[in-house]
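Close look at the chain arrangement
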Amino acid sequence: MATAFSSRTTPTPAMALAEKPKKFFGADFKRWQQKIFFYLTTLNLQCFISEDVPVLGEETPENERFVVTETWKHSDYLCKNYILSCLKDGLYNVYSIMKTSRELWNALEKRYTTKDAGLKKYVAAIFMDFKMVDGKYVITQVQELQVIVHNLLAEAFQVAAFIKKLPPLWKDFMNYLKHKYKEMTLEDLIVRLRIEDENKVGHKVVDYRAPKKDKKKNQANMIEKNDKMEDLCAILSQ
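Residues numbered from 1 in each chain as written. Predicted model: local features only at pLDDT ≥ 70, side-chain atom pairs only at ≥ 80, totals over all residues. Heavy atoms only, no water.

So, about the overall build of the protein. Each helix and strand in the protein was counted, giving eleven helices and zero strands. Taken from N to C terminus, the helices and strands of the protein fall in the order α-α-α-α-α-α-α-α-α-α-α. Going through the 238 residues of the protein one by one, you find that 35% of them count as buried. Looking at the protein alone, contacts between residues at least 24 apart form 65% of all its contacts between residues at least 6 apart. (Helix = DSSP H or I, 4+ residues; strand = E, 2+ residues; numbered from the N terminus. Buried < 20%, exposed > 50% of the residue type's maximum accessible area, 1.4 Å probe, protein only. Contact = heavy atoms within 4.5 Å.)

Structure, rendered in structure tokens:
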């Protein structure tokens, strides 16, 4: 038992060391947590976020129990401080009192998993109220939305939400993008929108206006878009 444990707690170069994650500032916890877990895995320390100090039976010699316990404590100390070093100073001061890696990991998860869920509902409400207009550069309005949801939502949702928010004159381009949003990063979308925005410069709004006979159809399309956005936000809230 002791031998098996020692082999697990001795760091071995099982894989190339991952780049150290950037510091956590209180937003987008799940993404940060996944990066930290992978980083700890490359250090062969990931087991300490879910295990307590081993308890060996009385049949194990006292000197061997001491070696195993001290080895575990040393590795757990390293694990805990690797995690703490990836917290901003204010959070470091709060969570540095945790005694073990597992205690620290669980405390962060309990605090910020709940917080992320609440923020998603809050951002969904903001999306419902935000309206793009035709008389303003779309890229400017997208940047306003980007500020609202920065580090709060999964990137795939951000891309889909921005596409849904495009103004009526962008209907054809929106239909083109909605089949590609899963393959795009937010940066990719910004580049595509910037190019399309520049292509539209110089065109008059009247050139894009639908004939009067299609007015009812356009109104129906707008209602359908709003319904889809409400469904998206409802799914997010759930």
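Okay, the nonpolar core next. Formed by 26 residues in total, the largest nonpolar core has its most connected members in W32, I83, L87, Y95 and L108. When contributions to this core are tallied by element, the ones reaching two or more residues are α2 (29–42), α3 (62–84), α4 (89–95) and α5 (101–129). Other than its neighbours up to four places away in sequence, W32 contacts K22, K23, F24, I83, C86, L87 and L108. Listed in part, the 18 residues of the second largest apolar core include L145, L166, L177 and L189. (Core = buried A, V, L, I, M, F, W, Y, C linked by side-chain atoms within 4.5 Å.)

Turning our eyes to something else, we now look at the side chain of D76. Residue placement: D76 occurs in helix α3. At 6.2 Å, K80 is the nearest oppositely charged side chain to D76, a buried residue that forms no salt bridge. The contact partners of D76, leaving out residues within four places of it in the chain, are F48, K99, T100 and S101. (Lys, Arg positive; Asp, Glu negative; His and termini not counted. Salt bridge = Lys/Arg side-chain N within 4 Å of Asp/Glu carboxyl O.)

Time to look at the pattern of salt bridges. Within this structure, the stated rule accounts for three salt bridges. The partner of D89 in a salt bridge is K23, with the nearest N and O atoms 4.0 Å apart. Within this pair, whereas D89 is found in helix α4, its partner K23 is found in the loop between α1 (2–9) and α2, the two being separated by 66 residues in sequence. Between D52 and R102 there is a salt bridge, and its shortest N-O distance comes to 2.9 Å. Highlighted residues: D52 in the loop between α2 and α3 and R102 in helix α5, separated in sequence by 50 residues. The exposure class assigned to D52 is partly exposed, which follows from its relative accessible area of 47%. Taking the relative accessible area as the measure of exposure, R102 reaches 32% and is therefore partly exposed.

These figures capture arrangement, not role.
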